[in-house]
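Topology and contacts: notes
Given next are the chains, with one letter for each unit.
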Amino acid sequence: MAALRLSALLLLAARARAHPCDAEAMTACPFDGGAALGKCLQDPSKHEAATDISAGCQDFIALHTTCSAEFAGGTCGGSAFTDDALLCLTNWMNPADVSADCTAALPAKEEKVEVEVDEATLLKRAKRKRAREKAAEEVRKLNEKNSGKPAKKKPTKKRKKKPSSSGGQFGDDL
C-alpha cells in the first residue's frame, strides 16, 4: 500500500514539474512565453535581471534549436518553450514526422517501474476478476435467452374515422 502511495506521489510530482527553463524565465523574461521566451532566454540583452542559464535550461534551448522545424507549425506549433514541448514531440506527434536530428536530441524514454504487489492484493484482484467474469457470463446467458423470443409489443388502439358531412372535400375535417 505504501509503495502505491509513493508511486502516486511521484506521478503527481512529475506532472507538477514545469519545463527546465521555468526558473530562468521567471527572473530573466517574466513577461514572455512560448517562442518569445526562447528568443529572450538566448539573448542576455533582453533579460529583465541578470540570470545564469542552468545546464538543464541550456539543454532545453538546444533541443528547441534542433527541433525548430517541428515547433514551426503543425502539431507542436504552439508548444515551443512550454510545459508541453517534450510531451508534444514524444507523444502527440507521429514519430515519422519528427526529424532524425530531433529524435536524437530527445531525452531517453523512462522505463516503466513495476511495483511489487503483495499476495493479499493479488488475491483480491483475482477475486474481483472472477466476479466480473461471472457477471459477464450471466449477462451473456440472459441476452441469449432474450434474443430467442420476440419482444412483446403492446397492442395499439386504432382510431375510428368520423364520417364527414360535407362530402369529403379536402380540408373539411379541420
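Just above, that's the structure.
Structural notes, computed from the coordinates.

If you check which residues of helix H6 (residues 85-92) are buried, you get Ala85, Cys88 and Leu89. For H6, the buried positions fall inside an angular range of 90° around the axis, keeping them on one side. As for H6, its buried residues are in contact with helix H4 (55-66), helix H5 (68-72) and helix H7 (100-105).

Taken as a whole and assessed by the stated rule, the structure comprises one aromatic pair. Ring geometry for phenylalanine 60 versus phenylalanine 81: centroids 5.8 Å apart, planes at 85°, classification edge-to-face. Remark: phenylalanine 81 occurs in the loop between H5 and H6 and phenylalanine 60 occurs in helix H4; sequence separation between them is 21 residues.

A few words now on the environment of alanine 49. Examined against the element boundaries, alanine 49 turns out to sit in the loop between helix H3 (35-42) and H4. Along the backbone, alanine 49 and glutamate 24 are 25 residues apart, and their C-alpha atoms lie at a distance of 9.8 Å. Among residues more than four places away in sequence, those in contact with alanine 49 are Thr27 and Ala28.

Further remarks concern the side chain of histidine 64. Positionally, histidine 64 belongs in helix H4. One polar contact links the side chain of histidine 64 to the main-chain carbonyl oxygen of phenylalanine 60, over a distance of 2.9 Å. With sequence-adjacent residues up to four places away left out, histidine 64 is seen in contact with Phe71, Ala80, Phe81 and Ala85.

Below, the discussion takes up the pattern of salt bridges. If charged atoms from side chains of opposite charge come close, those side chains can pair. One pass over the full model with this rule turns up one salt bridge. Among the ionic pairs, arginine 140 bridges to glutamate 137, the shortest N-O distance being 2.8 Å. Here arginine 140 and its partner glutamate 137 are both found in helix H8 (residues 119-148), three residues apart, which amounts to about one turn of the helix. The partly exposed category is assigned to arginine 140, whose relative accessible area is 45%. Here glutamate 137 falls in the partly exposed class, since its relative accessible area comes to 36%.

Their axes nearest at 11 Å, the elements H4 and H6 cross at an angle of 50°. Between H4 and H6, the interaxial angle falls into the category oblique. In the crossing of H4 with H6, the sense of the turn from one axis to the other is left-handed. Every residue of H6 that contacts H4 at Phe60, Leu63 and His64 is listed here: Ala85, Leu86 and Leu89. Taken together, the residues of the contact of H4 with H6 sort by class into five nonpolar, one polar and no charged.

Parameters at a glance
- Residues numbered from 1 in each chain as written.
- Predicted model: local features only at pLDDT ≥ 70, side-chain atom pairs only at ≥ 80, totals over all residues.
- Heavy atoms only, no water.
- Buried < 20%, exposed > 50% of the residue type's maximum accessible area, 1.4 Å probe, protein only.
- Helix = DSSP H or I, 4+ residues; strand = E, 2+ residues; numbered from the N terminus.
- Arc of directions from axis to C-beta.
- Contact = heavy atoms within 4.5 Å.
- Phe/Tyr/Trp six-rings, centres within 6.5 Å; stacked < 30°, edge-to-face > 60°.
- Polar contact = N/O pair within 3.5 Å; in protein donor to acceptor, adjacent residues only side chain to side chain.
- Salt bridge = Lys/Arg side-chain N within 4 Å of Asp/Glu carboxyl O.
- Axes fitted to C-alpha atoms, helices over the stretch in contact; angles between N-to-C directions.
- Parallel < 35°, antiparallel > 145°, perpendicular 65-115°, else oblique.
- Left-handed = near helix turned anticlockwise from the far one by under 90°.
- Nonpolar A, V, L, I, M, F, W, Y, C, P; charged D, E, K, R; others polar.

Treat this as a map of the structure, not an account of what it does.
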